[in-house]
Amino acid sequence: MSGTTTPSEGMDMMDRDRFPVDEWRLVESGFSLDDVGVTETMFALGNGYLGLRGNHPEGRHAHEHGTFINGFHEVFPIRHAEQAYGFAEVGQTIINAPDAKVMRVYVDDEPLSFDDADVREYERALDMRTGVLTRHVRWVTPSGKDVVIDFDRMVSFEEKHLAVMRVTVTVLNADAPVTISCQLINRQDGEDVYGGKAPAGGKAGFDPRKAEKIHERVLQPQEYWQDGGRSALSYRVTASGMTMSLVADHLIETDNEYSARTLVESDIAKNVFRVQAKAGVPVTVTKLVSYHTSRGVPARELVDRGRRTLDRVEAEGVQVQYDRQAEWMAAFWERSDVVIGGHPDLQQATRWCLFQLAQAAARADGQGVPAKGVSGSGYSGHYFWDTEIYVLPFLIYSTPLWARNALRMRYLMLPAARKRAGQLNEAGALFPWRTINGEEASAYYAAGTAQYHINADVSFALGKYVRATGDDEFLYREGVDIAVETARLWSTLGFWRFNEDGTPEVFHIHGVTGPDEYTTVVNDNLFTNVMARYNLRFAARVVHEMAERAPVEYAAMIERLNLDPAEADAWDAAAEAMHIPYSDALGIHPQDEVFLEREVWDLDNTPDDQRPLLLHFHPLVIYRYQVLKQADVVLALYLQGNHFTDDEKLADFEYYDPLTTGDSTLSAVVQAILAAEVGYQELALKYFAQSIFVDLGDLHHNAADGVHVASAGGVWTALVAGFGGMRDHWGELSFDPRLPADWPSLSFPLHWRGTALQVTITKDALTVEAGEGDAVAFSVRGEAFEVGGGSTVTVPLKGQGPVLPGRPRLGDIGESFREDGTLLSASVPSTTTNIGIITGSIPVGDAAHAAEQGNIGIDS
């Protein structure tokens, strides 16, 4: 690797004594109980369908003994303090599926327990080349037995329903009785042998990001049995009616004498191996586990499916499963790996993030991609807009099939979305803000249902997918339904304002919430209007295109959707007249029609113990201020950047960046992209570091709840679109790189309409290498190029774009006035009487001077 190989100064946010740098593995060199929830997330395994948290096989000392299956959920009535028409009525939460991870080792009938064990060697490693988690422990028992325990775990990408666990125990210096107790435990409702009630709680206190807890029994036992080394448990979910089965086989290999014992009850099954171990003679137990779920198939049928899965795996051989996993991973990295030259610490973190995307999406198939993937119970296993805006770009450009599957999930939700739109007196369809089964599950409409922009987000992702893949077949057969129904909603949600002669002049959208949840239910939110404009234009274009190019599909669509062809013209007219807020006084785009009338929140004088704001201030307090949870206008500048000038992007970024708390993990990646584009390149790197280490460094103190999958997807976008400068506006591939000064190179693959591309950027050149396939047209800083299949094109670069020092500061706004002529001022909410300057409300233009006097903090 060229260039320096030292850790990136000021960017690495991990304890490198405990988690050493390894470009292909995440390694833990020492055990700790202090952050067990975080490491459970860091070492979690999944395939998009089945997820196992990184719990140790001993089954103790856990934040959450978690096993999660995408879409496997319970429902419950949402109890509103005051009910109103149209409020969401039925909540959904992911279920903690029965735990098969326990493989407890005893020597001399003493268990390995990390709180008091004499552990001489320890290493846990997640190998991202093989997709296997391993753990090595050397343990000296109180009686002096020197014991080596090697463990590995795999959730198969090839076999969607399969997990494999294996433990090898060797007593090095003496003969000793060894017991390996393998268990299946319903932790959702039952207790383990230590009396631990599940799911585990974690820290007390209010946090809306955590999963709901149901106190009644959730899993109703159905069929359960044992047959030799095979155990089965199955259940029906009390209210949702879903069913699931867990079938496990246990294979033992040893030259030692042993016996086997079994036990099965409705909530626990045990397969116990008692071994008379000879010194130096190992014993290996392999546990093959199959999970199946359904929305209505009887549990007995699922048990039969699990038996067939295990029969097939055993006929093929266990090692074949490991070999296939390694082959699968090699193919994944070939089409997905982003290589950062000279920075192994960033390379490791990047690969971990990309691996999380595979674990969240690869075998999601007909399900969505939950906010935490299948790595934890955070956000109750719900699907949000995160998928379309932050995750889909990676899927589209690396593995288009996964993207298509995710979009089909939205297509399958259309019946429920149409019903929801009707409840809100709108035409078309309204996708739920958060959901598992397609029904709206957000109890707080102001920051949930009011985020109508999710319709445009889904349509935007659909357009991006079709542009990049050329998959017109999906668009004309199913995707068009999404485009049409989402456009129909905007046509009734918005309204026209007319001029004096009665001619429609401007199209407005009122009563909505943008991505920034610290500002809710506003008129003409810029992000919403810009994205709705895209949605309307896209739907109209697809309808007109089908009429011309695909008359058979067009006729079927017209009949299926009862579409009046004149609707498309109306959508075009509304898009053309869409109101886009702009302040001539400040020279920026207001986040909404009244955003600039609010007072400015002085974030620099807000104590750390009052962050994040959502956990320390009532929403009404936050809503009164110019303060952002996450990028809103800035996100619009990126997604619809072709509709804003360079000067507008710079002015908007410089205004909103000092107002953005970053309380959402979705924010830093977007700020990194725009910071790089407008020239704040050192700031872009800082935001990138916050994104790439958000879980590995537990920067938001909630990594224990599961991986921030959208942030991981945003890391890819920050690299490819931020530093790589890639855009696909108008369906045209373009590049305007912003390679960081101390990065020797950046290289990433892209798939564009069936042709694999490898893009490499250095400080003085951009190279595009094409695999076999059609020629690909692209541009670099406005100059057109084409690379033929099997060819390479290198384009010289003059610099890496503009470079601006430091970062935008509140004081940079100067003595700025609102449209009404009043001076902008900054303050922190307090109980002090709010009269004049006495309260500490200081004109923004005087902020820099005030900071020097110690009265107000700007930016350090």
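A.B. asks: Account for the packing of aromatic side chains, naming residues and giving values.
C.D. replies: Per the counting criterion, the structure on display carries 33 aromatic pairs. Residues F332 and W333 carry aromatic rings whose centres are separated by 4.9 Å and whose planes lie at 70° to one another, so their mutual orientation is edge-to-face. Pair check on accessibility: F332 and W333 agree, each one buried. Between Y379 and F384, the ring centres sit 5.5 Å apart and the planes meet at 75°, which makes this aromatic pair edge-to-face. Site record: aromatic cluster; members linked through ring pairs are W24, F157, W328, F332, W333, F394, Y397, W402, W716 and W752. The ring of Y49 is capped by K160, whose NZ or CZ atom sits 4.9 Å from the centre of that ring.

A.B. asks: Outline the packing of helix α7 (residues 414–423) against helix α9 (residues 472–493), listing residues and values.
C.D. replies: The interhelical angle for the contact between α7 and α9, taken along N-to-C directions, is 10°, at an axis separation of 11 Å. In terms of axis orientation, α7 runs roughly parallel to α9. Residues L414, R418 and A421 of α7 touch α9, and the partners they reach there are D481, I482, E485 and L489. Across the contact of α7 with α9, the residue classes break down as 4 nonpolar, no polar and 3 charged.

A.B. asks: Residues and numbers for unusual backbone geometry, please.
C.D. replies: For the bond running from R611 to P612, omega is -10°, close enough to zero to count as cis. Topologically, P612 is positioned in the loop between β24 (599–601) and α13 (619–623). Backbone geometry places R753, a non-glycine residue, at a positive phi of 50°. Within the element layout of this structure, R753 appears in the loop between β28 (746–752) and β29 (755–761).

A.B. asks: Go over the nonpolar core with me, naming the residues and quoting the values.
C.D. replies: Counting residues in each nonpolar core, the largest one holds 231 residues, and the members touching the most others are W385, W571, F688, F735, W743 and L750. Per-element tally for this core: the top contributor is helix α10 (residues 526–549), with 13 residues. Ignoring anything within four residues of it in the chain, the contact list for W385 reads Y390, R410, W433, H453, I454, D457, P515, F527, Q630, L635 and L666. W225, V303, L310 and V313 belong to the second-largest nonpolar core, a separate cluster that totals 13 residues.

A.B. asks: Before we move on, can you summarise a negative patch on the surface with the specific residues and values?
C.D. replies: A grouping of D584, E593, E597, E819 and D820 is seen on the molecular surface, where their side chains present a negatively charged patch. Summarising the element assignment, E597 is placed in the loop between α12 (566–576) and β24.

A.B. asks: Describe the sheet that holds strand β2 (residues 45–46), listing the residues and the values that go with them.
C.D. replies: Read across the sheet, 3 strands follow the order β2-β3-β4 without closing on themselves; strand pairing throughout is antiparallel. Edge positions in the open sheet fall to β2 and β4 (67–69), since each of these has one partner strand only. Here β2 runs beside strand β3 (residues 50–52); their pairing, made up of 2 bridges, is antiparallel. Residue L45 lies in a different strand from β3, and its bridge partner there is L52.

Cut-offs used in this document
The numbering scheme is per chain: residues are counted from 1 as the chain's sequence reads. Per-residue local features of the predicted model are confined to residues with pLDDT of at least 70, and side-chain atom pairs are confined, for both listing and counting, to 80 or more; whole-chain, interface and lining totals are unaffected and use all residues. As a convention, hydrogens and water are excluded, and side-chain values are obtained from all of the structure's heavy atoms. Here is the rule: rings of Phe, Tyr and Trp (six-membered ring for Trp) pair when centre to centre is within 6.5 Å. Planes less than 30 degrees apart are stacked, more than 60 are edge-to-face, and the remainder are tilted. Classification of residues uses two cut-offs on accessible area relative to the type maximum, computed with a 1.4 Å probe and protein chains only: under 20% is buried, over 50% is exposed, and between them is partly exposed. When the NZ atom of lysine or the CZ atom of arginine is within 6 Å of a ring's centre and also within 35 degrees of its normal, the charge is said to sit over that ring. For helices, the axis comes from a line fit to the C-alpha atoms of the stretch in contact; other axes are also lines fit to C-alpha atoms, and the angle between any two N-to-C directions lies between 0 and 180 degrees. Only DSSP runs of H or I with at least four residues qualify as helices, and only runs of E with at least two residues qualify as strands; both kinds are numbered from the N terminus onward. Any angle between 65 and 115 degrees counts as roughly perpendicular, while under 35 counts as roughly parallel, over 145 as roughly antiparallel, and the rest as oblique. Whether two residues are in contact is decided by their heavy atoms: any pair within 4.5 Å suffices. For this classification, Asp, Glu, Lys and Arg are treated as charged, while Ala, Val, Leu, Ile, Met, Phe, Trp, Tyr, Cys and Pro are nonpolar and the rest, including Gly, are polar. Among buried residues, the Ala, Val, Leu, Ile, Met, Phe, Trp, Tyr and Cys ones that are joined through side-chain atoms within 4.5 Å form a nonpolar core. In this analysis, a patch consists of residues with relative accessible area above 30% that form no salt bridge, clustered at 9 Å for like charges and at 5 Å for the nonpolar side chains Val, Leu, Ile, Met, Phe, Trp and Tyr. A 1.4 Å probe and the Shrake-Rupley method give the accessible areas. Residues count as covered only by the protein chains that appear here. Just to be clear on terms, a salt bridge is a Lys or Arg side-chain nitrogen sitting within 4 Å of an Asp or Glu carboxyl oxygen. Charged residues are defined narrowly, with Lys and Arg counted positive, Asp and Glu counted negative, and His plus the chain ends left uncounted. Just so you know, the charge point we use is NZ for Lys, CZ for Arg, CG for Asp and CD for Glu. In short, DSSP must find at least two bridges between two strands for them to pair.

Interpretation note: all reported values are geometric properties and have no functional meaning in isolation.
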